[in-house]
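# Structure at a glance
Here's the letter readout for the chains.
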Amino acid sequence: MGERTGMANGCGHAAALHTGEAPILASATVGARSWLLIEHSGPWAAYLDECRLPDDTRALIERATALGIRPQLIRRPGRRAAASGPLHVFVASSVGFRPWIAEGTFERSNDLDLGSLVHGVVPESCILVSEPVFLVCTHAKRNACCARLGLPLARFLDENLPGNVWETTHVGGDRYAANLVCLPHGLYYGSMSQAAAIAAANAYRNGEVVLDRYRGRAGIPEPLQAAEHFVRAHTGELSVSGVAVESSRSEGNATVCIVHHTKPGGLSRFRVVVEPAVFAAPCGTTCTEEISTYRLAELSELSPVPA
């Protein structure tokens, strides 16, 4: 479950991390390529393996984790009534150009074929969902700022996008609360205000990203997220699938990427070199916080690729 720190119940982050003044690019969770969302109203402990869950649900989470699937508990904004009836889940694959999300209900968790999900196939008895799913981290026991900033954001989005919004457990990057995840593509946004969140959600419903407060796409190494971000900023390309890394290699501390940009009439290809950098945020409640980020060292267009 990762390192468990003493800051789990509090927020010692610099204010700039929650307002969008600090850089947040290339900070989406790297390991999440497939997802299991389980409806559970709570309470939520700081870590999933500490939550009071039915044995069947706990076994499902353990099975998903062993397969490399990211499990999340979800609940409707503002509702804490204990759910009854069959197990309600969403499963999603964020890989490639055709990600998908599907929904299902099960009497027994063993009836959910997670092996299919690992291979990018919709499990039997799950139905594809045409609308996106928006997750807002409200995991107070993990970090207080997630509840303080996430709860009102989840309620606001739910009022504007009823049925598409869920509160969820830790998504990674508490320092960037409020965090928003757009599925099935696994797009991460952080430091979200209500205005920024509704703009990002509406853009995603139209197949686009908003670069402001965009953390990146889950499942992609951070340097590659940075390379995609810099190409989007350079070209103005906002379509979700319009920019992707073709290849990459390390050269010392730098990462060299070939990034393609899909546009009418063919492809543009760019050589992008990114390097790690550090942003020193003003002091939070504890001490000065250094944020790992990336700087653009080189961006050059390669020979055009005809359609």
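Quick caveat: nothing in here was measured; it's all calculated off a predicted structure.

Counting its regular elements, the chain contains 6 helices and 15 strands. For 307 residues, the compact-globule estimate of 2.2 N^0.38 gives 19 Å, and the C-alpha radius of gyration of the chain, at 19 Å, lies within 12% of that figure. Overall, the C-alpha framework of the chain stretches about 60 × 50 × 35 Å when taken along its three principal axes. Expressed as a percentage of its 307 residues, the buried residues of the chain come to 52%. Look at the contacts in the chain between residues 6 or more apart in sequence, and 65% of them connect residues 24 or more apart. Summed over all atoms, the accessible surface of the chain reaches about 13700 Å², with 51% contributed by carbon and sulfur. The distance from the centre of the 27 positive side-chain charges to the centre of the 30 negative ones in the chain is 2 Å.

As a further point, take the sheet that holds strand 10 (residues 214-217). Strand-to-strand pairing in sheets goes through backbone hydrogen bonds, with the strands running parallel or antiparallel. Taken in spatial order, the 10 strands line up as 5-4-3-1-2-7-6-8-9-10 in an open sheet, and their pairing is mixed. Bordering the open sheet on either side are strand 5 (127-128) and strand 10, each of which pairs with just one other strand. Judged from the 2 bridges that link them, strand 2 (residues 70-75) and strand 7 (residues 165-168) form a sheet pairing that is antiparallel. Bridging from a neighbouring strand, arginine 75 pairs with glutamate 167 of strand 7. Docked against the sheet, helix 2 (residues 55-66) engages strand 1 (34-39), strand 2 and strand 3 (87-93), running at close to 170° with respect to strand 1. Across the sheet, helix 4 (residues 144-160) is in contact with strand 6 (133-137), strand 7 and strand 8 (180-183); its angle to strand 6 comes to roughly 155°.

Moving on: the packing of helix 4 against helix 5 (residues 194-205). At a minimum axis distance of 10 Å, the contact between helix 4 and helix 5 shows a crossing angle of 45°. Considering their axes alone, helix 4 and helix 5 lie oblique with respect to each other. Where helix 4 crosses over helix 5, the handedness of that crossing is right-handed. Of the residues in helix 5, those in contact with Pro152, Leu153, Phe156, Leu157 and Asn160 of helix 4 are Gln194, Ala197 and Ile198. Taken together, the residues of the contact of helix 4 with helix 5 break down into 6 nonpolar, 2 polar and no charged.

Conventions adopted
Here the residue index of a chain counts from 1 through its sequence in written order. This being a predicted model, a pLDDT of at least 70 is required before a residue's local features are given, and a value of 80 or more before pairs of side-chain atoms are given or counted; all residues contribute to the totals for chains, interfaces and linings. Side-chain measures were taken over the full set of non-hydrogen atoms in the model, leaving aside hydrogen atoms and water. Only DSSP runs of H or I covering at least 4 residues are called helices, and only runs of E covering at least 2 are called strands; the numbering of each starts at the N terminus. Taken over C-alpha atoms, the radius of gyration is set against a globule rule of 2.2 Å times the number of residues to the power 0.38. Note on classification: 1.4 Å probe, protein chains only; a residue is buried when its accessible area is under 20% of the maximum for its type, exposed when over 50%, partly exposed between these limits. Contact criterion: two residues are considered in contact whenever any of their non-hydrogen atoms come within 4.5 Å of each other. Computed by Shrake-Rupley with a 1.4 Å probe, the accessible areas treat only the displayed protein chains as cover when residues are assessed. Only four residue types enter the charge count, namely Lys and Arg as positive and Asp and Glu as negative; His and the chain termini do not. Positions of charges follow a simple convention, taking NZ of Lys, CZ of Arg, CG of Asp or CD of Glu. Whether two strands pair depends on DSSP finding at least two bridges between them. Helix axes use the C-alpha atoms of the stretch in contact, all axes being lines fitted to C-alpha atoms, and the angles between their N-to-C directions lie in the range 0 to 180 degrees. The labels follow the angle: roughly parallel below 35 degrees, roughly antiparallel above 145, roughly perpendicular from 65 to 115, and oblique for the rest. The crossing is said to be left-handed when, going from far helix to near helix, the turn is anticlockwise and less than a right angle, and right-handed when the turn is clockwise. Charged means Asp, Glu, Lys or Arg here, nonpolar means Ala, Val, Leu, Ile, Met, Phe, Trp, Tyr, Cys or Pro, and polar covers whatever is left, Gly included.

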